[in-house]
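Commentary on secondary and tertiary structure
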Amino acid sequence: MGRGKLKLELMRNEKSRRLSFKKRKDGLINKLHQLTTLCDVTACMIIFDDNSNYQEPDIWPRDPEKVRRIVESYDSPKS
């Protein structure tokens, strides 16, 4: 038996919305880490947050050079 359909709508309470975003972002980072470890795949994640006080996106892995190499390998033409 599957889940019922979930109605999606904007959370009105700003504090609850920010907390939910942080928890979901942390959960996604954890799942990506598990995926790369257990399946031996290369992956990265870039999350832009418009409401953040700074303009830098959150990235995983934390090393920007690793993320750059992954993106460049994806962009490079395949032969």
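For the structure itself, look to the data block above.
So, a few notes on the structure that sits alongside this text.

About the cut-offs
- Residues numbered from 1 in each chain as written.
- Predicted model: local features only at pLDDT ≥ 70, side-chain atom pairs only at ≥ 80, totals over all residues.
- Heavy atoms only, no water.
- Helix = DSSP H or I, 4+ residues; strand = E, 2+ residues; numbered from the N terminus.
- 1 Å grid on protein atoms, 1.4 Å probe; cavity = no way out; pocket = protein on both sides within 12 Å on 5 of 7 lines; lining within 4 Å.
- Points joined across faces, edges and corners; volume = space filled by probe spheres on them.
- Nonpolar A, V, L, I, M, F, W, Y, C, P; charged D, E, K, R; others polar.
- Polar contact = N/O pair within 3.5 Å; in protein donor to acceptor, adjacent residues only side chain to side chain.
- Contact = heavy atoms within 4.5 Å.

**Focus on unusual backbone geometry**
Here the amide bond leading from W60 into P61 is cis, since omega sits at 0 degrees, within 30 degrees of zero. The residue P61 is located in the loop between β2 (58-60) and α2 (64-75) in this model. One non-glycine residue, D40, adopts positive backbone phi at about 50 degrees. Looking at where D40 falls in the secondary structure, it is placed in the loop between α1 (14-39) and β1 (45-47).

**Description of the layout of surface pockets**
Approximately 250 Å³ is the volume attributed to the largest pocket. In this structure, the largest pocket is lined by L6, L8, E9, L10, M11, R17, S20, F21 and R24. When the residues that make up the lining of the largest pocket are grouped by side-chain class, the tally is five nonpolar, one polar and three charged.

**Overview of the side chain of D49**
On the secondary structure map, D49 appears in the loop between β1 and β2. A polar side-chain atom of D49 sits 2.8 Å from a polar atom in the side chain of R18. With residues near it in sequence (within four places) discarded, D49 still touches R18 and F21.

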